[in-house]
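# Remarks on the overall topology
Chain by chain, the residues run as shown.
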Amino acid sequence: WTGPRVRKGDRMYTREGLSSSWQRTLYIVWITQFIALAGGNLVFPFLPLYIRDLGVSEPGKVALYAGLTGTATGTTLFIFSPIWGALADRFGRKPLLLRAYFGATISMGLQGLAQNVWQLLALRTIQGAFVGTVPAIKPAAAQTKSGIIGVLATPGTAAREYTHELIHTYAY
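Keep in mind the model is a prediction, meaning the values are calculated, not measured. (Residues numbered from 1 in each chain as written. Predicted model: local features only at pLDDT ≥ 70, side-chain atom pairs only at ≥ 80, totals over all residues. Heavy atoms only, no water.)

### So, helix 3 (residues 59–91)
With 33 residues, helix 3 extends 46 Å from end C-alpha to end C-alpha; this agrees with the ideal 48 Å at 1.5 Å per step. Those residues of helix 3 not exposed but buried are Val62, Tyr65, Ala66, Thr69, Gly70, Ala72, Thr73, Thr76, Ser81, Trp84, Gly85 and Ala88. Downstream of helix 3 by a residue or two, Gly92 has a phi angle that is positive, lying close to 105°. (Helix = DSSP H or I, 4+ residues; strand = E, 2+ residues; numbered from the N terminus. Expected span 1.5 Å × (residues − 1). Buried < 20%, exposed > 50% of the residue type's maximum accessible area, 1.4 Å probe, protein only.)

Right, dumping it as structure tokens:
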């Protein structure tokens, strides 16, 4: 006996079939989101060094430009996230996630080719405008499995949710 069957569209699935499907989706989303956010945030300690390499030598200006480039992404992300979220609702989450990852890859790659601090600032601003994976990830994760959105938030929550799911899956 494989447990209760659930209708999804025109197909019937066992509970185990649904479980493995949402778990696979969750793992892929979690890994890609971790890589995207880590790649975007691990640059902060090195921004002053890179700005110095771009020709800014005065310590006060290095600090100013590091602050500007550090906040440019977050500021434009704050402005564009609702727009990307609305577009994800309209056109689907997967295309918008792919757009965000592609935009981040291109803008971050071009940052390594910046010739001066203004180009770097412009590219960091563009990065904030074109990323925005979180507005598309959260509703997608919420639709995948009820309550699983916490897994994308913290490792502690991930451990709790995974343990709960293991107990819930194998206790019967």
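### A few points about the confidence of the model for the protein chain
The share of residues in the protein chain with pLDDT of 70 or more is 64%, and the mean pLDDT across the chain is 75. By mean pLDDT, helix 7 (residues 155–170) is the weakest element of the protein chain at 51, and helix 2 (residues 47–53) is the strongest at 94. (pLDDT = per-residue confidence, 0-100.)

### Quick notes on the packing of helix 3 against helix 4 (residues 93–111)
How two helices pack is summed up by the angle between their axes together with the distance between the axes. Interaxial distance between helix 3 and helix 4 falls to 7 Å at its minimum, and their mutual angle equals 140°. One way to sum up the angle between helix 3 and helix 4 is to call them oblique. The residues of helix 4 that touch helix 3, namely those facing Trp84, Leu87, Ala88, Asp89 and Phe91, are Arg93, Pro95, Leu96 and Arg99. (Axes fitted to C-alpha atoms, helices over the stretch in contact; angles between N-to-C directions. Parallel < 35°, antiparallel > 145°, perpendicular 65-115°, else oblique. Contact = heavy atoms within 4.5 Å.)

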